[in-house]
Amino acid sequence: MATLTNANHMNCHFSEYQSTEIQTQHPKASKALPDWYSSETGIYHSKHSPVNLPSDPFLDVVSFIFSHKHNGVSALVDSSSGSSISYSELHPMVKSMACGLHQMGVSQGDVVLVLLPNSIYFPVIFLGVLYLGAIVTTMNSSSSFIEVKKQTLDCHLALAFTMLEKVDELKSLGVPVIGVPENVNSNSKQNGFSDFHKLISINPNSVQRPVISQHDTAAIMYSSGTTGASKGVVLTHRCFIAMIELFVRFEASQYEGLGSENVYLAVLPMFHIYGLSLFVMGLLSLGTTIVVMKKFDANEMVRAVDRYRVTHFPVVPPLLMALTARAKGVAGSSLKSLKQVSCGAAPLSKKFIEDFIQTLPHVDFIQGYGMTESTAVATRGFNTEKFQNYTSVGLLAPNMQAKVVNWINGSSLPPGCSGELWLRGPAIMKGFLNNMGATMLTIDKDGWLHTGDIVYFDQEGYLYVLDRLKEIIKYKGFQIAPADLEAVLISHPDIIDAAVTAVKDEKAGEVPVAFVVKRHGSVLSQAAVIDYVAKQVAPYKKVRKVVFTHSIPRSATGKILRWKLTNLLTSKL
């Protein structure tokens, strides 16, 4: 991982494999710049050929998904029970859902909440709402009452779908609620499920659909809020159509063609843009079989891979670590069907990548980068004989443009130099819900999405994500990336997890504090940790304090929740 240094200088990288100290001049400035980067505009263009997107202005994403022909048989399979929805059943079921919602009074533009864990019914509900021209907003099923209330008021909900234990909670907020069974084998006459079964049993050909534009809002997805309050990201039908073409279908075409022989394991939460893009939308256009796990369990994960011959497993860092640990303890015949594991949504240390590759050498590993605000579209890795650097998040997706910008003076930076990533393309959000100020700060007048992530492109066009701009620690005018220090900490044999955040300091401005999870039985001391880091970094980067903890707070997708660390630190001071 490259070094972030004093922001008054250009920080450039000799190669994708080495860190460098501060450089006032790019070491390869005399070398001709690649044709995918313009020194005049500062724009990086995708190395992939452009993909033609549908030109029909009145195409909705659901019609787009089901317009693709394939040979798929089983669409969605519940991992524990084996109950399933076939492709021949799926489209009529989605249309029935839309008809039923229309009969209930749900209209175009109404907002419907899906507050559910992963379920084979999740895509049916989501697509049914969109097919009617209504809007979906999703939430983590473990959200607190206060969080549910806030989003309910923010979106002005017309209806909610949730599990039985949340029904009364939502009713208390004055929201009409439909309880959703866990799988197709649930008793249709059981209290709380009858309304749902009526919805999916209505004549699918009786739906009265409004005219839906590609630019109509399809979903309000809330950003993770790792550094502040989460905001509603407004995504259109066009955003989702672009995501399906430029992310899911394009990636499939790069590897093994658009076939239906693959089996994906859905452990990633469907309420999050990463899981939603794959399991609720994109893969259904390919005829892929999606095996759905309601919640993660390491033993069930291995059983599901072996039972259903899973070939592809998209993960986030905590899942990758769990898979690696579990793989070390299973018989040699297990997990043999796996072809590819892809990781995204949060940074992943080189140590964990190497551990995975050594443990499951037959599995192809790639990383990707995307945001809720870009509908998960940005980059994707494609490992070839020429390029096997697993730490990159890949090349820009087709039709996408990027800039790397000096966050102090706004100048554009060439390959090899780190700065804030700006993105532009057809999948960029419409804006933040009811927050014009935040929208204008995030998307400029030229359509560039200011991501807040510190990155650089190497000379081959591969992108490397270094840290979050808002998380940079400012020590006596120097810039310290928490991820740099976390990589050092994780390399210690007695440290199994770590995170770094800043604490205010009267003289230095801010100083780095390390939160460390020790290996069981370790006698590692604060002084030993500080000394270990000090030997491997520049003096200004030294960790000044260590807090030992039992776990590092993370979001559902593995992002470190630094605000929780700050709160914990405040309580200890």
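Residues numbered from 1 in each chain as written. Predicted model: local features only at pLDDT ≥ 70, side-chain atom pairs only at ≥ 80, totals over all residues. Heavy atoms only, no water.

J.: Give me the lowdown on the side chain of Ser 337, citing residues and values where you can.
T.: Structurally, Ser 337 is set in the loop between α10 (317-327) and β13 (340-343). According to the relative accessible area criterion, Ser 337 is buried, its value standing at 10%. Separated by 3.5 Å, the side chain of Ser 337 and the backbone oxygen of Val 305 make a polar contact. (Helix = DSSP H or I, 4+ residues; strand = E, 2+ residues; numbered from the N terminus. Buried < 20%, exposed > 50% of the residue type's maximum accessible area, 1.4 Å probe, protein only. Polar contact = N/O pair within 3.5 Å; in protein donor to acceptor, adjacent residues only side chain to side chain.)

J.: Account for the layout of surface pockets, with residues named and values stated.
T.: When its volume is computed, the second largest pocket comes out at roughly 410 Å³. If you trace the second largest pocket, you find 19 residues lining it, with Val 267, Pro 269, Lys 295, Phe 296 and Ala 556 closest to the centre. Counted by class, the lining of the second largest pocket contains 13 nonpolar, 4 polar and 2 charged residues. (1 Å grid on protein atoms, 1.4 Å probe; cavity = no way out; pocket = protein on both sides within 12 Å on 5 of 7 lines; lining within 4 Å. Points joined across faces, edges and corners; volume = space filled by probe spheres on them. Nonpolar A, V, L, I, M, F, W, Y, C, P; charged D, E, K, R; others polar.)

J.: Describe the packing of helix α7 (residues 237-255) against helix α8 (residues 273-281), listing the residues and the values that go with them.
T.: Look at α7 against α8: their axes get within 11 Å of each other, and the N-to-C directions meet at 85°. With respect to α8, the axis of α7 lies roughly perpendicular. Side by side, α7 and α8 meet where Phe 240, Met 243, Ile 244, Phe 247 and Val 248 of the first sit next to Ile 273, Tyr 274, Leu 276, Ser 277, Leu 278 and Met 281 of the second. (Axes fitted to C-alpha atoms, helices over the stretch in contact; angles between N-to-C directions. Parallel < 35°, antiparallel > 145°, perpendicular 65-115°, else oblique. Contact = heavy atoms within 4.5 Å.)

J.: With reference to specific residues and values, describe the nonpolar core.
T.: Within the largest apolar cluster, 167 residues are counted, with the highest numbers of intra-cluster contacts made by Leu 90, Phe 126, Phe 161, Phe 240, Leu 265, Met 281 and Val 341. If you tally residues by element for this core, the top one is α7, at 11 residues. Sequence-distant contacts of Phe 240, that is, excluding residues within four places in its chain, are made with Val 61, Phe 126, Ala 218, Ala 219, Leu 235, Ile 273, Leu 276, Met 281 and Thr 375. The next biggest cluster of nonpolar side chains, apart from the first, holds 17 residues, and it includes Ile 135, Met 139, Val 148 and Leu 170. (Core = buried A, V, L, I, M, F, W, Y, C linked by side-chain atoms within 4.5 Å.)

J.: Mind laying out the pairing of strand β6 (residues 157-162), listing which residues take part and the relevant values?
T.: Along β6, 5 of the 6 residues are buried, which leaves the element largely enclosed by surrounding structure. Across 3 bridges, the pairing between β6 and strand β7 (residues 177-179) is parallel. Directly across from Thr 162, in β7, lies its bridge partner Gly 179. Crossover handedness for the path β6 to helix α5 (residues 164-171) to β7: right-handed. (Pairing = 2+ DSSP bridges. Right-handed = clockwise from strand over helix to strand, strands pointing away.)

J.: Before we move on, can you summarise unusual backbone geometry with the specific residues and values?
T.: Unusually for a residue other than glycine, Leu 335 sits at a positive phi of about 65°. You can see Leu 335 is positioned in the loop between α10 and β13. If you check the backbone angles, Asn 399 has positive phi at about 70° while not being a glycine. With respect to the helices, strands and loops of the structure, Asn 399 is situated in the loop between β16 (395-396) and β17 (401-405).

J.: Quick one: what's the story with the pattern of salt bridges, residue by residue and with numbers?
T.: On inspection of all chains with the given rule, the structure shows 11 salt bridges. Close ionic contact of Lys 166 with Glu 169 constitutes a salt bridge, the shortest N to O distance being 3.6 Å. Of this pair, Lys 166 and Glu 169 both sit in helix α5, 3 residues apart, which is roughly one turn of the helix. When its relative accessible area of 11% is taken as the criterion, Lys 166 is described as buried. The shortest N-O distance in the salt bridge between Arg 380 and Glu 251 comes to 2.5 Å. Of the two residues, Arg 380 sits in strand β15 (residues 379-380) while Glu 251 sits in helix α7, which places them 129 residues apart along the sequence. (Salt bridge = Lys/Arg side-chain N within 4 Å of Asp/Glu carboxyl O.)

J.: Could you give an account of the sheet that holds strand β19 (residues 431-432), with specific residues and numbers?
T.: One open sheet holds the 7 strands; their spatial order is β7-β6-β4-β5-β8-β9-β19, and the pairing between them is mixed. Each edge of the open sheet is held by one strand with a lone partner, namely β7 and β19. As defined by bridge partners, strand β5 (residues 135-139) adjoins strand β8 (residues 217-222) across 2 bridges and the pair is classed as parallel. Looking across to β8, one finds that Thr 137 is bridged to Ile 220. The strands that helix α4 (residues 145-155) touches are β4 (111-115), β5, β6 and β8; relative to β5, the one it contacts most, it runs at about 165°. The sheet strands contacting α7 are β8 and β9 (232-236), and the helix crosses β9 at an angle near 75°.

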